[in-house]
Amino acid sequence: MIGEGTKSTNQRRHSYVQEHVEVGFFTDPTVCIGCKACEVACKEWNHVPDDGFVWSGNSYDNTGHLGASTWRHVMFVEQDRQKGNQIVGSHSLGNGDGEDPFRWIFLSDVCKHCEDAGCLEACPTGAIVRTEVGSVLVQNDVCNGCGYCVVSCPFGVIDRRPKPLPDAGGAFKCTFCYDRQKSGLVPACAKVCPTESIVFGRLDDLRARATHRVQELHEHGYDDAQLYDPRETSVGGIHAFFLILGEPEAYGLPPKPQVPTIYLKSAWTAAFATAIAAIIATLLAFAFFS
Amino acid sequence: MLTTYRLTEHHTAGGMSRFLSHLSELQPEMFAEISPELARELGVKNGDYICIVTLRGAIEARALVSRRIRPVHLNGKTVHQVGLPYHFGTSGLVRGGAANDLLSISGEPNVTIMEAKAAACNIVPGRLPRGAAFEEWINKHVPTGGPANLHPEQPPLDTAKGGENPPGGHGKEEKE
């Protein structure tokens with residue numbers, strides 16, 4: 001992680017694809033500087049087009065959300081809460097001895113590559129596949145643009161690309177730089193991250209690092225540091241997990257993400273029961289009013 | 001007081017980065033960061049257009065109201081800070097007011113670099129008038145009460161004329 005230099009897993013060549021090792025991203029907002037290098041590197045490597053020059057007025061976040069042409073998104077969260085061991089005193093305007101509680105958090109959001117992926121289960125064409133490293137990949141030459149995956153993603157990551165942009169119509173999302181990984185390279189966003197806020201590596205290795213990092217932050221006064229890694233829900237764990245300060249809702253992350261297909265059984269049961277009830281009601285209507 | 005700074009997305013005055021779509025979309029417009037206290041005083045909301053006026057010129061920008069910018073108390077006076085990225089200009093994929101238009105030409109003799117990090121300014125809510133209306137507008141809104149000699153090596157005006165320093169003004173000097 002920090003200070004490992006060339007020994008970091010972000011800089012090493014690897015053969016995870018050939019060895020079928022499960023890999024992941026660990027994103028740590030406490031070291032992120034909000035430079036958006038991950039966004040730019042992602043777009044450059046994957047030839048993702050720009051999606052409009054719109055100033056949002058929401059801190060420095062002019063990206064807004066993940067989508068067909070945004071596979072990395074750096075969130076800029078301004079909160080009136082104490083940051084770590086910030087010295088909080090009386091009001092900064094007065095002759096106080098400290099500052100108002102305030103923190104500015106950057107978190108680079110990305111496709112979570114779920115263990116049980118909603119998009120993959122919904123895809124009728126087989127365009128979305130699971131790769132050797134456990135990531136979820138959209139094959140854009142197979143995708144027919146039906147959009148079922150868009151509504152099935154519990155995180156709102158995948159989207160269809162609108163018309164004026166190149167390759168419009170198909171669904172796009174983060175590929176986990178599968179093309180780079182096949183050649184032993186690290187995904188572009190992790191490679192460029194100057195502070196190693198984005199760490200790429202073996203999933204089990206990253207989970208151990210993340211747990212250690214949370215402990216370290218607790219010791220340094222970041223009391224609300226926690227991991228966002230929903231393993232107990234129907235998503236069954238994610239390959240890109242996050243360290244967050246505070247609640248996941250502040251980052252637009254669902255606290256209990258669910259794969260929509262778990263509702264299939266109850267939905268079909270309800271539909272079947274309704275059908276039976278409708279038939280009985282019709283028969284009764286004929287029996288009584290004939 | 002205004003100060004100027006860089007954003008990570010752009011390079012210097014944007015001559016290179018504002019022509020690249022992947023960088024331009026990340027910071028697509030000129031903005032001025034002001035504190036919620038100043039915004040309340042001016043009656044400005046986040047995203048409104050404001051004009052920043054100095055002795056040297058005026059530009060318009062979108063107001064980005066943020067608690068990150070704090071007013072400071074100096075000698076019992078509240079001084080508001082205005083943060084301006086200086087990456088914008090008149091051409092490229094994204095355009096906007098150039099913060100450098102506001103700055104005085106003042107050399108720092110020790111390091112031979114321009115002193116461009118602090119200047120007094122006025123803020124006027126609304127869009128910047130163009131054309132002939134601009135001169136009238138800037139004379140109305142230009143900060144007054146500051147020193148009239150804009151350059152440290154400029155001879156003081158009062159010695160030549162034998163009178164008082166006229167109040168600072170951009171277009172005013174020719175008029176008077």
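Residues numbered from 1 in each chain as written. Chains lettered and ligands numbered in written order. Predicted model: local features only at pLDDT ≥ 70, side-chain atom pairs only at ≥ 80, totals over all residues.

Remarks on the overall build of chain A
Step number 1: The helix and strand inventory of chain A stands at eight helices and ten strands.
Step number 2: Considering only contacts in chain A between residues 6 or more positions apart, those separated by 24 or more positions represent 64%. (Helix = DSSP H or I, 4+ residues; strand = E, 2+ residues; numbered from the N terminus. Contact = placed C-beta atoms within 7 Å.)

Examining the environment of isoleucine 244 of chain A
Residues and elements named next belong to chain A.
Step number 1: Relative to the helices and strands, isoleucine 244 is located in strand β10 (residues 240–245).
Step number 2: Expressed as a C-alpha distance, the spacing of isoleucine 244 and valine 214, which sit 30 residues apart in the sequence, is 9.3 Å.
Step number 3: With near-sequence residues (within four places) excluded, isoleucine 244 lies in contact with Pro29, Leu107, Gln226, Tyr228 and Tyr251.

With respect to the domain arrangement of chain A
Residue and element names in this part refer to chain A.
Step number 1: Taken as a whole, chain A is organised into domain 1 (5–257) and domain 2 (259–290).
Step number 2: One C-alpha centre belongs to domain 1, the other to domain 2; they are set 43 Å apart.
Step number 3: Each side of the interface is counted separately: domain 1 has seven residues, and domain 2 has four residues.
Step number 4: Considering only residue class, the side of domain 1 that touches domain 2 consists of two nonpolar, three polar and two charged. (Domains from an automatic or database assignment. Nonpolar A, V, L, I, M, F, W, Y, C, P; charged D, E, K, R; others polar.)

Here we look at the interface of chain A and chain B
Step number 1: With 22 residues of chain A at the contact, the number on the chain B side is 24 residues.
Step number 2: Among the elements that take part in the side of chain A that touches chain B, helix α2 (residues 37–46) of chain A stands out by supplying four residues, more than any other.
Step number 3: Classifying every residue of the side of chain A that touches chain B gives eight nonpolar, six polar and eight charged.

Some words on the environment of tyrosine 222 of chain A
Residue and element names in this part refer to chain A.
Step number 1: Position of tyrosine 222 relative to the elements: it lies in the loop between α7 (203–219) and β9 (225–228).
Step number 2: Separated by 192 residues in sequence, tyrosine 222 and threonine 30 have C-alpha atoms that sit 9.5 Å apart.
Step number 3: Beyond its immediate chain neighbours, meaning those up to four positions away, tyrosine 222 contacts Thr30, Gly84, Leu217 and Leu245.

Observations concerning the pairing of β10 of chain A
Along any regular strand, the residues point their side chains to alternate faces of the sheet.
Residue and element names in this part refer to chain A.
Step number 1: Across the six residues of β10, six count as buried, placing the element largely inside the fold.
Step number 2: Alternating positions in β10 separate into two faces, Ala240, Phe242 and Ile244 on one and Phe241, Leu243 and Leu245 on the other, with burial throughout.
Step number 3: In this sheet, β10 lies alongside strand β1 (residues 23–27) in parallel orientation, the contact comprising three bridges. From the neighbouring strand, phenylalanine 26 faces β10, where its bridge partner is phenylalanine 241. (Buried ≥ 20, exposed ≤ 12 C-beta atoms within 10 Å, placed from the backbone. Pairing = 2+ DSSP bridges.)

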